[in-house]
Amino acid sequence: MKGSLHKRMHSLTMSFANSSIIKDHLMLDIDRLVRFNLDSWSSRVLLMEEAKKITFELTVKQLMSFDPGEWSESLRKEYLLVIEGFFSLPLPLFSTTYRKAIQARRKVAEALTVVVMKRREEEEEGAERKKDMLAALLAADDGFSDEEIVDFLVALLVAGYETTSTIMTLAVKFLTETPLALAQLKEEHEKIRAMKSDSYSLEWSDYKSMPFTQCVVNETLRVANIIGGVFRRAMTDVEIKGYKIPKGWKVFSSFRAVHLDPNHFKDARTFNPWRWQSNSVTTGPSNVFTPFGGGPRLCPGYELARVALSVFLHRLVTGFSWVPAEQDKLVFFPTTRTQKRYPIFVKRRDFAT
Ligand code: HEM
C-alpha cells in the first residue's frame, strides 16, 4: 500500500490504537481478555499458543467488537493457514501449504465481507455506531469499498498477531532465565495489586506506574528483534558514510544489527532490563532503538503492543508461578520464535501469599 491510500489507512490505524483510545476503552478489553484466557490455564501450557489466542481475540475485538467465541475461533483456524502460507514457496502446483493458504485467505475474506455488509446494513437501519476500527472505516470521509476494508482488516490481523504474541512469549522466556529481573518485576506488580480490591480491573494509571516493566518491554524488544529490519527504496541518489546508494535501489535497514551493536548497547547480547534505567541509552540518538520502525511507516500499534505486554505480565506474575516444561531454543528463521512454542508448567498463586 502506498501514496494517499497508505496515508489514510495509516492515520486511521493510529487513531484506533493511540494512547487515549487505549486509556478510554481498549485497556479494559485487554485486561478482560487476558484474564479470561489465563483463567483456563492449568498445569502445562504452550505459552506461544496461549499468547496467540489472546492477541487474536484482542485484535478481533478492537477491529469488529466481537467477543471470543466459535466465530472468532474458526476465523483464527483459517488464519493460521494463511500465516503458514507466508513461509512456503508461492508455487500452487507444488506446495500444499501455499494452496491451503490461498483457500484460507479466500475463506477469511468471505467471512469478513459478510461482517462488513451486515454492519453497513445495521448502520443504514439506524443502529448505534460502534467504537471500533470497522465503524471508523465505514464512516471515513471519501469512503472505502468493501473490498478495501476487508483487505485492510486482513492486514491488521496479521500485523499485530505474530508480533505481539511472540514478544509476550519471549519476555517470559527472558525473565525466567534472569531471576533477578523477574523478582523485581513481581515486586512492582505486587505493589499495584496490593492497592486493589479482590476482583479488580487494571487502569491506565496502573499502566503508568510500571517503570521497571517498561524497561523489561524495551529490553525484550531490543534482544528479540522480532522484526529484524525493513526494506526501503532510495527515491534519489543517497550517500551514507561514503557508500553511494543509487536512486531506485532497495535497501534493507537492519534493526537487529543496530540493536545488538556493542557500540550502542554494552554486552549487547545479554538481557539486561536495568540498562533502560540509565539515562545514557534512553536519551541517546533515537535511531539506535527502532523496534517499531520509524518515519511515515512507524508501526501504528506500538503503544497497543506495549500495553498488551504490560497487562499480560501483570496478570501472569501476580496470578501464577511457572517453570519451563522442556528446554526450548530461540530461533530467528524464518521468524523469531522458540522451537517448541515455549511449554511451561504453571501453578496458580494463592492471593493470600
Ligand atoms: C511487538 C509488537 C509489534 C512490533 C515489534 C511491530 C513492529 C512493526 C514494524 C517494524 C513495522 C514497520 C515499520 C516501518 O516500515 O518503518 C510495523 C508496521 C505496522 N504495524 Fe506493527 N508491530 C507490532 C505490533 C503491531 C500491532 C499490535 C498492530 C495493530 C494495530 C500493528 C500494526 C502495524 C501496521 C498497520 C503497520 C504498517 C504501517 C505502515 O506501513 O504505515 N503492529 N510494525
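Numbering of residues starts from 1 in every chain and runs along the sequence as written. Where local features are concerned, this predicted model is filtered to residues with pLDDT of at least 70; where side-chain atom pairs are given and counted, the filter is 80 or more; whole-chain, interface and lining totals use all residues. The side-chain figures draw on all heavy atoms in the structure; neither hydrogens nor water molecules are used.

With an unreviewed UniProt entry as reference, the chain is termed AT5G05690 protein, source organism Arabidopsis thaliana.

Here we take up the overall build of the chain. Only DSSP runs of H or I with at least four residues qualify as helices, and only runs of E with at least two residues qualify as strands; both kinds are numbered from the N terminus onward. Regarding its fold elements, the chain presents 13 helices and nine strands. Only C-alpha atoms enter the radius of gyration; for comparison, a globular chain is expected to reach 2.2 Å times N to the power 0.38, where N is the number of residues. Relative to the compact-globule value of 20 Å for 353 residues, the chain shows a C-alpha radius of gyration of 21 Å, a close match. The principal-axis extent of the C-alpha atoms belonging to the chain is close to 60 × 55 × 45 Å. Of all 353 residues assigned to the chain, the portion counted as buried reaches 45%. Summarising the internal contacts of the chain: among those between residues at least 6 apart in sequence, 70% fall at separations of at least 24. To measure how exposed things are, a 1.4 Å probe is used in the Shrake-Rupley method; for residues, cover is taken only from the protein chains shown. With an accessible surface of roughly 18800 Å², the chain has 56% of that area assigned to carbon and sulfur atoms. In the chain, the 50 positive side-chain charges and the 43 negative ones have mean positions that sit 7 Å from each other. Each residue is placed in one exposure class: buried if its accessible area under a 1.4 Å probe, protein chains only, is under 20% of its type's maximum, exposed if it is over 50%, and partly exposed if it falls in between. Whether two residues touch is decided by their heavy atoms; if any such pair falls within 4.5 Å, the residues are in contact. Charged residues are defined here as Lys and Arg on the positive side and Asp and Glu on the negative side; His and the ends of the chain fall outside this count. Where a charge lies is defined by one atom per residue type, namely NZ (Lys), CZ (Arg), CG (Asp) and CD (Glu).

Another aspect to go through is the coordination of the iron atom of the ligand. You will see that the iron atom of the ligand has only one donor from the protein, Cys299 (SG), lying 2.3 Å away. With respect to the element layout, Cys299 can be found in the loop between helix H12 (279-282) and helix H13 (302-319). In this listing, donors mean N, O and S atoms no farther than 2.8 Å from the metal, or 3.2 Å for Na, K and Ca; water is missing from the atoms, so a site can look incomplete.

This part is about the sheet that holds strand E6 (residues 320-324). Pairs of strands are assigned from DSSP output, requiring at least two bridges between the strands. Ordered by their spatial adjacency, three strands build an open sheet running E1-E9-E6, and the pairing between neighbours is antiparallel. With one partner strand each, in any of the chains shown, strand E1 (43-46) and E6 form the two edges of the open sheet. Between one strand and the next, the sheet's axes are offset by a mean angle of 35 degrees, whatever the strand orientation. Bridging between E1 and strand E9 (residues 343-348) involves four bridges; their strand directions are antiparallel. Pairing of Ser43 across the sheet is with Val346, part of E9. An axis is simply a line fitted to the C-alpha atoms; with a helix, the fit covers only the stretch in contact. Between two such axes, the angle follows the N-to-C directions and lies from 0 to 180 degrees. Where H13 meets the sheet, it contacts E6 and E9, and its direction lies at approximately 90 degrees from that of E6.

Despite not being glycine, Ser43 has its phi angle at roughly 55 degrees, a positive value. Here Ser43 lies in strand E1. For Ser43, a relative accessible area of 46% corresponds to the partly exposed category. Its identity is not glycine, yet Lys241 carries a phi of approximately 45 degrees, on the positive side.

Right, let's get into the environment of Lys208. The topology assignment puts Lys208 in the loop between helix H9 (204-207) and helix H10 (211-224). Between the C-alpha atoms of Lys208 and Val307, which are 99 residues apart in sequence, the distance is 9.7 Å.

Turning our attention to the site of the ligand. Contacts to the ligand come from 23 residues, most closely from His6, His10, Arg232, Arg297 and Cys299. A distance of 2.5 Å separates an oxygen atom of the ligand from a polar side-chain atom of His6. For the purposes of these results, a polar contact is taken to be a pair of N or O atoms within 3.5 Å, where, inside protein, one atom must be able to donate a hydrogen and its partner to accept one; residues adjacent in sequence count only when each atom of the pair is a side-chain atom. With respect to the ligand, the backbone of Gly294 contributes an N or O atom lying 3.3 Å from an oxygen atom. Every element with two or more residues in the shell around the ligand is listed here: helix H1 (3-17), helix H7 (146-176) and strand E2 (229-233). Counted by class, the shell around the ligand contains 13 nonpolar, eight polar and two charged residues. If a single non-hydrogen atom of a residue is within 4 Å of a molecule or strand, that residue counts as near it. Gly is placed with the polar residues, together with every amino acid not listed as nonpolar (Ala, Val, Leu, Ile, Met, Phe, Trp, Tyr, Cys and Pro) or charged (Asp, Glu, Lys and Arg).

In this scheme Phe, Tyr and Trp rings, the latter by its six-membered ring, pair at centre separations within 6.5 Å, and the angle between planes marks the pair as stacked below 30 degrees, edge-to-face above 60, and tilted otherwise. A complete count under the given rule lists twelve aromatic pairs for this structure. For the pair Phe66 and Trp71, a centre-to-centre distance of 4.7 Å together with 55 degrees between the ring planes defines the contact as tilted. By relative accessible area, Phe66 is classed as partly exposed at 30%. Ring centres 5.0 Å apart and planes at 55 degrees place the aromatic pair Phe231 and Phe252 in the tilted group. On the criterion of sequence distance, the pair formed by Phe231 in strand E2 and Phe252 in strand E5 (residues 250-254) is long-range, its members being 21 residues apart. Within the aromatic cluster, the residues linked to one another by ring pairs are Phe56, Tyr79 and Tyr161.

Glancing now at the pattern of salt bridges. Only one rule defines a salt bridge in this text: a Lys or Arg side-chain nitrogen within 4 Å of an Asp or Glu carboxyl oxygen. Tallying each qualifying case throughout the model produces 21 salt bridges. Arg349 is the partner of Glu190 in a salt bridge, and the nearest nitrogen-oxygen pair spans 2.8 Å. Here Glu190, found in helix H8 (residues 179-194), pairs with Arg349, found in the segment after E9; they are 159 residues apart in sequence, far enough to count as distant. Judged by relative accessible area, which is 23%, Arg349 ranks as partly exposed. A salt bridge links Lys244 to Asp237, with the shortest nitrogen-to-oxygen separation between them at 4.0 Å. Taking the relative accessible area as the measure of exposure, Lys244 reaches 57% and is therefore exposed.

Note that Tyr200 resides in the loop between H8 and H9. Residue Tyr200 is classed as buried on the basis of its relative accessible area, which comes to 4%. Taking the C-alpha atoms as reference points, Tyr200 and His10, separated by 190 residues in sequence, lie 34 Å from one another. Ignoring any residue separated from it by four or fewer positions in sequence, one finds Tyr200 in contact with Asp31, Arg35, Arg193, His314, Arg315 and Thr318. At 2.7 Å, the side chain of Tyr200 and the side chain of His314 are in polar contact.

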